[in-house]
Amino acid sequence: MGGPLAAGGGRRPGDRAGDHRLRRHHGRVMTTAAERHAQLRTEYEFELPLGYVDPAGKVHRRGTMRLATARDELAPLIDRRVQENPAYLGVVLLSLVITRLGDLEDLHAGLVEQFFAADVAYLQAFYERINDVDPEGRGAGDRLGES
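Note that the structure is predicted; figures quoted are calculated from it, not measured. (Residues numbered from 1 in each chain as written. Predicted model: local features only at pLDDT ≥ 70, side-chain atom pairs only at ≥ 80, totals over all residues. Heavy atoms only, no water.)

J.: I keep staring at a nonpolar patch on the surface and nothing clicks. Help me out?
T.: A grouping of L50, V53, V59 and F116 is seen on the molecular surface, where their side chains present a nonpolar patch of about 330 Å² in accessible area. Counting through the fold element by element, V59 comes out in strand β4 (residues 59-66). A residue is classified by how much of its surface remains accessible, and V59, at 43% relative accessible area, is partly exposed. (Patch = residues over 30% accessible without salt bridge, like charges linked within 9 Å, V, L, I, M, F, W, Y side chains within 5 Å. Areas by Shrake-Rupley, 256 points an atom, 1.4 Å probe, with all protein chains shown as cover. Salt bridge = Lys/Arg side-chain N within 4 Å of Asp/Glu carboxyl O. Helix = DSSP H or I, 4+ residues; strand = E, 2+ residues; numbered from the N terminus. Buried < 20%, exposed > 50% of the residue type's maximum accessible area, 1.4 Å probe, protein only.)

Right under this line is the structure:
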């Protein structure tokens, strides 16, 4: 009963006890759920084509957007502005998921309303890319590398 694995306690030479990343399945290294969660990217940087011009004349182009939650997509539906004008949904949704734009401190729907149409279109497409809204069924990671 003392085969090659029994002598090493079921580990291969060089394997560390408790290092679950070294588990293999069909030759591929398997990761734990905690490691997959740690690898999950939830924020993405962007650069607006034109940029938001603040009242002082400063242009803000670089920002970050986080992945949307179910709440982000549901909350605008009860917003009075969206109920009165469904086209406003995109503005409210973008205001919820943009986490940074330049050095602006207060991002809200009223600010997003002031963005140039080209920047809003860019942000809507960016939102769809990072949130995996794709009719072709490709994953977000597949598309983000295409830029």
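J.: Mind showing me how you'd approach the nonpolar core here?
T.: The nonpolar side chains of soluble globular proteins are, as a tendency, buried together. Residues F46, M65, L94, I98, L101, F115 and L123 are the most contacted members of the largest nonpolar core, which totals 24 residues. Counting only elements with at least two residues in this core, the list comes to β3 (43-53), α5 (89-97), β5 (98-101), α6 (109-112) and α7 (117-130). The residues touching F115, leaving out its near neighbours within four places in the chain, are Y52, I98, L101, V120 and L123. (Core = buried A, V, L, I, M, F, W, Y, C linked by side-chain atoms within 4.5 Å. Contact = heavy atoms within 4.5 Å.)

J.: Please clarify how the pairing of β4 should be interpreted in this entry.
T.: Consecutive residues of a regular strand have side chains that alternate between opposite faces of the sheet. Both β3 and β4 contribute to a ladder of seven bridges, which runs antiparallel. The residue bridging F46 from the neighbouring strand is G63, located in β4. Here β3 folds back onto β4 in antiparallel fashion, the turn holding five residues, of which G57 has a positive phi close to 90°. Note: β4 against β5, three bridges, orientation antiparallel. Residue pairing across strands places M65 opposite I98, the latter belonging to β5. (Pairing = 2+ DSSP bridges.)

J.: Quick question: what am I supposed to make of the sheet that holds β4 here?
T.: Pairing between the strands of a sheet is mediated by backbone hydrogen bonds and can be parallel or antiparallel. Strand order in the open sheet made by the three strands is β3-β4-β5, with antiparallel pairing throughout. Each edge of the open sheet is held by one strand with a lone partner, namely β3 and β5. Between one strand axis and the next, the sheet turns through 25° on average, direction left out of account. Against the sheet, α7 makes contact with β3, β4 and β5, and its axis sits at roughly 170° relative to β3, the strand it touches most. (Axes fitted to C-alpha atoms, helices over the stretch in contact; angles between N-to-C directions.)

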